[in-house]
Amino acid sequence: MAAGERAEEPLAELSHYVVARPIYSEASFQEENERRPPLPPTLRERAQVACRCSRKRAFQVAKSFLPILEWLPNYRVKEWLISDIISGISTGLVATLQGLAYALLVAVPVGYGLYSAFFPILTYFFLGTSRHISVGPFPVVSLMVGSVVLNMAPDDNFLIDGSNGTNGTGILIDTQSRDAQRVLIASTLTFLVGILQVVFGVLQIGFIVRYLADPLVRGFTTAAAFQVLVSQLKIVLNVSTKNYNGVLSIIYTLIEIFEKIGTTNIADLIAGLLTIFVCMVVKEINDRFKHKIPIPIPIEVIVTIVATGISYAADLEKKYNAGIVKSIPRGFLPPAPPDVSLFSQMIAASFSIAIVAYAVAVSVGKVYATKYDYAIDGNQEFIAFGFSNIFSGAFSCFVATTALSRTAVQESTGGKTQVAGIISAGIVLIAIVALGKLLEPLQKSVLAAVVIANLKGMFMQVFDVPRLWRQNKVDAMIWVFTCVASIILGLDLGLLAGLLFGLLTVVLRVQFPSWGGFGNIPGTDIYKKVKDYKNAIEPEGVKILKFSSPIFYANIDGLKNSLKSTVGFDAVKVYNKRLKALRKIQKLIKKGKLKATKNGIISEPGINNEAFETDEEPEDNEDLQVPTKEVEIQVDWNSDLPVKVNIPKVPIHSLILDFGAVTFLDIVAVRSIKTIIREFERIDVRVYFASYQDNLISQLERSAFFDDIVRKDIFFLTVHDAVLYIRNQMTYSDNQDPILEKISLMQESKEPIEFTEMIRPDDELDVQEEAMRRLAS
């Protein structure tokens, strides 16, 4: 037992602590600890650091630009090669099918999807910092590219006279010219997106993706999944509709689909529904038994092979008019330059696509980087994807990023490095060179169904909303607003609207921050909100306000309002009321209705006291003959005065502003705070500052905040320091009521004092004080 007691004794000692130190103001702390003002490096010193070169530094720069130099020399051939080969084959099969399917979203021939699944991997292998993501098409980005393509090359631009053909309308679409133009637009857009990403990476602005909050991204991708579903629905039904773009385009598309629902091709519909059902069931099996199944079942590959065989054997195109792939080019097209003249028409869209593609890739990459304990460089990822898109844009590809499902396959099948990505590119290469012809009988509805089946994870994000609403209602509103805006306005405008809405919520939270009056927990140096803690007690005659936000031009009025609510009065109105009362007292003394003595203001005996006059009494500027001697009196502003002027009571003598949560002040805030100090000082309320950050002192020094009146000794390291200082000041003061104000009245004053209750700027405060002195003299 004794041993147990001895074991508990140290714990009891650690549960309390006692600190004995001086009360520190900023001035005393700087003096005692010899503050060293920060010296920013000169331009020459910065240039020397930036231009310094050595063999080690050169190798570090090379490794930062070519991350392959970092991980490839450490590649464990015996441990990782087999896993990377298996992973690469599995991922390559999935990438082949997804490349074909996502080409439908871009509105280009499906064969170009294979190019987009092949070329970007080649450059990312050397430049990328993520070891696990699978680079290639992604449905959301593909749909954004497709919206640009359809907007710049709609079917109406390629109508030709087909009166000699079989089409009864006499109008045909020149599909060859249309497809060529759409491929050119998609590749040009890819090239421009790549340029923007490289520029962002070189300028080190990878931080820009931080403004795409997780609720915003998830709401946006959910809306994009809905857009993808609608765009693929008409392919599953094999219903011909116009290509709508812009605001409410998804609504118009749905209306036209349902208007033409009677023309649905039954063969395509059955194939699509079966593909969706089988893919979703097998994917669910893969998820539930992923610990027992060494390699996920490549259901997309299996379904595609089976569907291709059935379509070829049953000749679905001729017998049932099913829509098939028809033609997949074998081999590669020669590189072609982009059409620079189109840049001006797609620059806005390319900016949003560049950001979204980067955000998706980095978000997925960070998940696996955290899981496997390595870091990815955001700026280098911008450069890696930028060069990948520039390179692939020359080979008629569309924008590349990463797909969640494909990356999950690469990681779950044992992929360790981007060697798996190169092997997957080899599988796609085989499909481009040798297998393209075999996939020509494949129904487009099967490819569309594969796309829809891969949207399950995005649609499941809808269940984020109830959870977000419980945790943070603002984040839930961002999610819902971004999703709805992206559905109604389109993906590009919807993303912009969601981003602006998210920034607006931040501005509003900064403009209307939390604040409150704080009190002391007895026996401690801890201060908590009085309304939240029953035991929190406000020090007598002291108010403590904590303002939890940076202070700048937009929320300075909020600080002033919170001050009024905390102290219970308006310092400017109190001062103006006191000034008005003094003016009335002066006038009544001149009339002989009051006498000013050292003991206060009294009425003449035997004379009816007419001093209690209303505020509405007209001004009397008559020149009165009054004695000229000076009388010193005291006015207790919290007692009843001999004039009917309603002066708010001031029950405090000190105000402490807790700036622990204030990270910066702008010039408007600095001027306003100085005005606040002077407004309270005029009514005998001292203002102190506590718990501020060091950078605020430097900022105030640069802003010429300190002078003979506002000194550093009103700044304290903690709130408790300020409270103890005030308590000491009150204890050792000269027993004179701080509310009493000594005023010297020279009874010969005849000049009326102009009065207004408007809040005066800084430069007028001195004028008002001078008027007070003139009145008192």
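Residues numbered from 1 in each chain as written. Predicted model: local features only at pLDDT ≥ 70, side-chain atom pairs only at ≥ 80, totals over all residues. Heavy atoms only, no water.

## What to know about the overall build of the chain
Here's step 1: Looking only at helices and strands, one finds 29 helices and 14 strands in the chain.
Here's step 2: When burial is assessed residue by residue, the chain has 47% of its 777 residues classed as buried.
Here's step 3: Long-range contacts, defined here as pairs at least 24 residues apart, represent 81% of the contacts in the chain between residues at least 6 apart.
Here's step 4: If you sum the accessible surface of the chain, you get close to 39600 Å²; carbon and sulfur atoms cover 60% of it. (Helix = DSSP H or I, 4+ residues; strand = E, 2+ residues; numbered from the N terminus. Buried < 20%, exposed > 50% of the residue type's maximum accessible area, 1.4 Å probe, protein only. Contact = heavy atoms within 4.5 Å. Areas by Shrake-Rupley, 256 points an atom, 1.4 Å probe, with all protein chains shown as cover.)

## Looking at the packing of aromatic side chains
Here's step 1: One pass over the structure, following the stated rule, counts 31 aromatic pairs.
Here's step 2: When the centroid spacing of 4.3 Å and the interplanar angle of 20° are considered together, the rings of Phe481 and Phe501 count as stacked. In this pair, Phe481 is assigned in helix 22 (residues 473-489) and Phe501 in helix 23 (residues 491-511), connecting sequence segments 20 residues apart.
Here's step 3: The partly exposed category is assigned to Phe481, whose relative accessible area is 33%.
Here's step 4: Taken together, a centroid distance of 4.9 Å and an interplanar angle of 45° make the contact between Phe716 and Tyr725 tilted.
Here's step 5: In textbook terms, an aromatic cluster arises when at least three aromatic residues are bridged by ring pairs, as seen for Tyr112, Tyr115, Phe118, Phe119, Phe332, Phe391 and Phe395.
Here's step 6: Seen from the ring of Tyr374, Arg131 lies directly overhead, with NZ or CZ sitting 4.5 Å from the centre. (Phe/Tyr/Trp six-rings, centres within 6.5 Å; stacked < 30°, edge-to-face > 60°. Lys NZ or Arg CZ within 6 Å of the ring centre and 35° of its normal.)

## Let's talk about the pairing of strand 11 (residues 654-658)
Here's step 1: Where burial is concerned, most of strand 11 is hidden: 5 out of the 5 residues are buried.
Here's step 2: Of the two faces of strand 11, both are covered, the one formed by Ser654, Ile656 and Asp658 as well as the one formed by Leu655 and Leu657.
Here's step 3: Inspection of the sheet shows strand 7 (residues 542-547) paired to strand 11 by 5 bridges, in the parallel sense. Paired with Ile544 across the bridge in strand 11 is Ile656.
Here's step 4: Where strand 11 and strand 12 (residues 686-690) come together, 5 bridges link them in parallel fashion. (Pairing = 2+ DSSP bridges.)

## Description of the nonpolar core
Here's step 1: Counting 107 residues, the largest nonpolar core has Val108, Val110, Val141, Val145, Met346, Ile353 and Leu447 as its most contacted members.
Here's step 2: Ignoring any residue separated from it by four or fewer positions in sequence, one finds Val108 in contact with Ala103, Arg182, Val183, Ala186 and Phe398.
Here's step 3: Core analysis: the next-biggest nonpolar cluster, separate from the first, contains 48 residues, Leu545, Ala669, Val687 and Phe716 among them. (Core = buried A, V, L, I, M, F, W, Y, C linked by side-chain atoms within 4.5 Å.)

## Thoughts on the environment of Leu316
Here's step 1: Note that Leu316 resides in helix 14 (residues 316-320).
Here's step 2: Owing to a relative accessible area of 10%, Leu316 belongs among the buried residues under this scheme.
Here's step 3: Counting along the chain gives 49 residues from Leu316 to Ala267, while the straight-line C-alpha distance between them is 7.6 Å.
Here's step 4: Not counting chain neighbours up to four residues away, the residues in contact with Leu316 comprise Ile310, Ser311, Asn321, Ala322 and Gln443.

## Quick notes on unusual backbone geometry
Here's step 1: Look at Gln204: it is not a glycine, yet its phi comes out positive at around 60°.
Here's step 2: Position of Gln204 relative to the elements: it lies in the loop between helix 9 (175-202) and helix 10 (214-237).
Here's step 3: The phi angle at Asp373 is positive, at roughly 60°, despite the residue not being glycine.
Here's step 4: Inspection of the secondary structure puts Asp373 in the loop between helix 15 (343-371) and helix 16 (378-393).

## Considering the side chain of Thr253
Here's step 1: Checked against the element boundaries, Thr253 lands in helix 11 (residues 249-259).
Here's step 2: For Thr253, a relative accessible area of 10% puts it in the buried group.
Here's step 3: Contacts of Thr253, omitting those with residues within four sequence positions, involve Val230 and Tyr244.

## Some thoughts on the pattern of salt bridges
Here's step 1: A complete count under the given rule lists 21 salt bridges for this structure.
Here's step 2: Note that Arg21 and Asp721 form a salt bridge whose closest N and O atoms lie 2.8 Å from each other. Of this pair, Arg21 sits in the loop between helix 1 (2-14) and helix 2 (26-33) while Asp721 sits in helix 28 (residues 719-731); the two residues are 700 residues apart in sequence, bridging distant segments of the chain.
Here's step 3: Take Asp721: its relative accessible area is 3%, and that puts it in the buried class.
Here's step 4: As a salt-bridge pair, Lys371 and Glu411 come within 3.0 Å of each other at their nearest N and O atoms. With a gap of 40 residues between them, Lys371 in helix 15 and Glu411 in helix 17 (residues 404-412) connect regions that are remote in the sequence.
Here's step 5: Its relative accessible area of 12% is what places Glu411 among the buried residues.
Here's step 6: The network of salt bridges with shared partners includes Asp155, Arg178, Asp179 and Arg182. (Salt bridge = Lys/Arg side-chain N within 4 Å of Asp/Glu carboxyl O.)

## Remarks on the sheet that holds strand 6 (residues 527-529)
Here's step 1: The 6 strands lie next to each other as 6-5-7-11-12-13, forming an open sheet whose pairing is mixed. Each edge of the sheet is formed by a strand with only one pairing partner; in this case those strands are strand 6 and strand 13 (715-716).
Here's step 2: Relative to strand 6, strand 5 (residues 515-520) is paired through 3 bridges, and the arrangement is antiparallel. Each bridged residue has a counterpart across the sheet, and for Phe518 the counterpart in strand 6 is Lys529.

## Some points on the packing of helix 6 (residues 77-106) against helix 18 (residues 419-435)
Here's step 1: Following both chains from N to C, one finds helix 6 and helix 18 inclined at 45°, their axes separated by 7 Å at the closest point. Judged by the inter-axis angle, helix 6 sits oblique to helix 18. In the crossing of helix 6 with helix 18, the sense of the turn from one axis to the other is right-handed. Residues Asp84, Ile85, Ser87, Gly88, Ile89, Thr91, Gly92, Leu93, Ala95 and Thr96 of helix 6 form the contact with helix 18, whose participating residues are Val419, Ala420, Ile423, Ser424, Ile427, Val428 and Ala431.
Here's step 2: Per-class residue counts for the contact of helix 6 with helix 18 are 10 nonpolar, 6 polar and 1 charged. (Axes fitted to C-alpha atoms, helices over the stretch in contact; angles between N-to-C directions. Parallel < 35°, antiparallel > 145°, perpendicular 65-115°, else oblique. Left-handed = near helix turned anticlockwise from the far one by under 90°. Nonpolar A, V, L, I, M, F, W, Y, C, P; charged D, E, K, R; others polar.)

## Quick look at the packing of helix 8 (residues 139-152) against helix 9
Describing two packed helices takes the angle between their axes plus the distance from one axis to the other.
Here's step 1: Their axes nearest at 9 Å, the elements helix 8 and helix 9 cross at an angle of 135°. Between helix 8 and helix 9, the crossing angle belongs to the class labelled oblique. Seen along the crossing, helix 8 lies across helix 9 with a hand that is right-handed. Contact with helix 8, carried on its side by Val145, Val148, Val149, Leu150 and Met152, involves Arg182, Ile185, Ala186 and Leu189 of helix 9 and no other residues of that element.
Here's step 2: Here the contact of helix 8 with helix 9 is built from residues that sort into 8 nonpolar, no polar and 1 charged.

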